[in-house]
Amino acid sequence: MAVPRAAKTQRRTRIQEEKEERILDAALDVFSSSGFRGTTIDQIAEVAGMSKPNLLYYFRTKEAIHRTLLERMLFTWLDPLQAFDADGDPESEIRSYIRRKLEMSRDFPRESRLFANEILQGAPHIEDELKGPLKALVDEKAEVIRAWIKAGKLARCDPYHLIFSIWATTQHYADFDVQVRAVLGERRAGEGRFEDAARYLEQLFMSGLKIGIQSEP
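Residues numbered from 1 in each chain as written. Predicted model: local features only at pLDDT ≥ 70, side-chain atom pairs only at ≥ 80, totals over all residues. Heavy atoms only, no water.

**Quick word on the overall build of the protein**
From N to C terminus, the protein includes ten helices and zero strands. In sequence order, the protein lays out its α and β elements as α-α-α-α-α-α-α-α-α-α. Counting only C-alpha atoms and orienting by the principal axes, one finds that the protein spans roughly 65 × 45 × 30 Å. By the burial criterion, 41% of the 217 residues in the protein qualify as buried. Contacts spanning at least 24 positions in sequence make up 68% of the contacts within the protein whose residues lie at least 6 apart. Split by element, the accessible area of the protein, about 12200 Å² in all, is 52% carbon and sulfur. (Helix = DSSP H or I, 4+ residues; strand = E, 2+ residues; numbered from the N terminus. Buried < 20%, exposed > 50% of the residue type's maximum accessible area, 1.4 Å probe, protein only. Contact = heavy atoms within 4.5 Å. Areas by Shrake-Rupley, 256 points an atom, 1.4 Å probe, with all protein chains shown as cover.)

**Considering the nonpolar core**
With 29 residues, the main nonpolar core has I94 and I145 as its most contacted residues. Secondary-structure elements contributing two or more residues to this core are helix 4 (62-82), helix 5 (90-107), helix 7 (127-150), helix 8 (159-175) and helix 10 (192-209). Apart from residues lying up to four places away in sequence, I94 is in contact with F84, W148, L154, I166, M206 and L209. Counting 27 residues, the second largest nonpolar core, distinct from the first, contains I41, W77, F115 and I126. (Core = buried A, V, L, I, M, F, W, Y, C linked by side-chain atoms within 4.5 Å.)

**Some words on the side chain of E202**
With respect to the helices and strands, the residue E202 is situated in helix 10. Apart from the residues within four sequence positions on either side, E202 is in contact with R95, I98, R99 and S207.

**With respect to the packing of aromatic side chains**
Here the structure, examined in full by the defined rule, presents five aromatic pairs. Judged by centre distance (5.6 Å) and plane angle (70°), the rings of F84 and Y97 are edge-to-face. Here F84, found in the loop between helix 4 and helix 5, pairs with Y97, found in helix 5; they are 13 residues apart in sequence, far enough to count as distant. Ring geometry for F164 against W167: centres 5.7 Å apart, planes inclined by 50°, an arrangement best described as tilted. With a gap of three residues between them, F164 and W167 both fall in helix 8, about one helical turn apart. By relative accessible area, which is 38% here, F164 ends up partly exposed. Taken together, F84, Y97 and W148 form an aromatic cluster joined through their ring pairs. K62 extends its terminal NZ or CZ atom over the ring of F36, reaching a point 4.2 Å from the ring centre. (Phe/Tyr/Trp six-rings, centres within 6.5 Å; stacked < 30°, edge-to-face > 60°. Lys NZ or Arg CZ within 6 Å of the ring centre and 35° of its normal.)

**Here we look at the pattern of salt bridges**
Any two side chains of opposite charge can pair, so long as their charged atoms come close to each other. In this structure the tally under the stated criterion is 20 salt bridges. Between R99 and E195 there is a salt bridge, and its shortest N-O distance comes to 2.9 Å. Residue R99 is located in helix 5, and its partner E195 is located in helix 10; the two are separated by 96 residues in the primary sequence. In this structure, R146 and E143 form a salt bridge, with 2.5 Å as the shortest nitrogen-oxygen distance. In this pair, R146 and E143 are both assigned in helix 7, three residues apart and thus about one turn of the helix distant. R146 gets classed as partly exposed once you look at its relative accessible area, which sits at 35%. Given the relative accessible area of 45%, E143 is considered partly exposed. Sharing partners across several salt bridges, the network here consists of E91, R95, R99, E195, D196, R199 and E202. (Salt bridge = Lys/Arg side-chain N within 4 Å of Asp/Glu carboxyl O.)

Here it is as structure tokens:
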């Protein structure tokens, strides 16, 4: 895991911690809008309101800042899927997962766009994490879904594409937020749009997963 340069000292002061967070918050703004290639240390320092030499005391390179943000984001991003409970009711678990993913799109739009930008560039900084921890977790939860299907609790479906579809439809509300708000118009573009989306997506997925509606395995 990437470690801020200042964190390598024996004791970190409150001021050091605050400055690291200020740098990371500024970097998240810049990276999420400009991507890794379009971002410079000078831009991050300007948004953070500090000098470039001062920033470099905390993080030696742009790559170190970017890596720290991605690792934090992946930890947060995996949490809802980790909470997927094999012993729970399938419908309740899937509904809860949809809502947790929408809450993340609402609460962490910059992180979602940071991840999307990284993926669009071919995931050069997190490919190992995608093929390792993420794949392992998705494999595990796919087996949970298969067990529900085998037990007759869900209609037949491809578990991986079910998970991908939930990712795509929920993260849309973060990655394409400007488009969503523009098309919905001022009256419908408030915070209530996430509840509207949750109700619609729950209906969409659960209707397709009900027993008696058979999809390709």
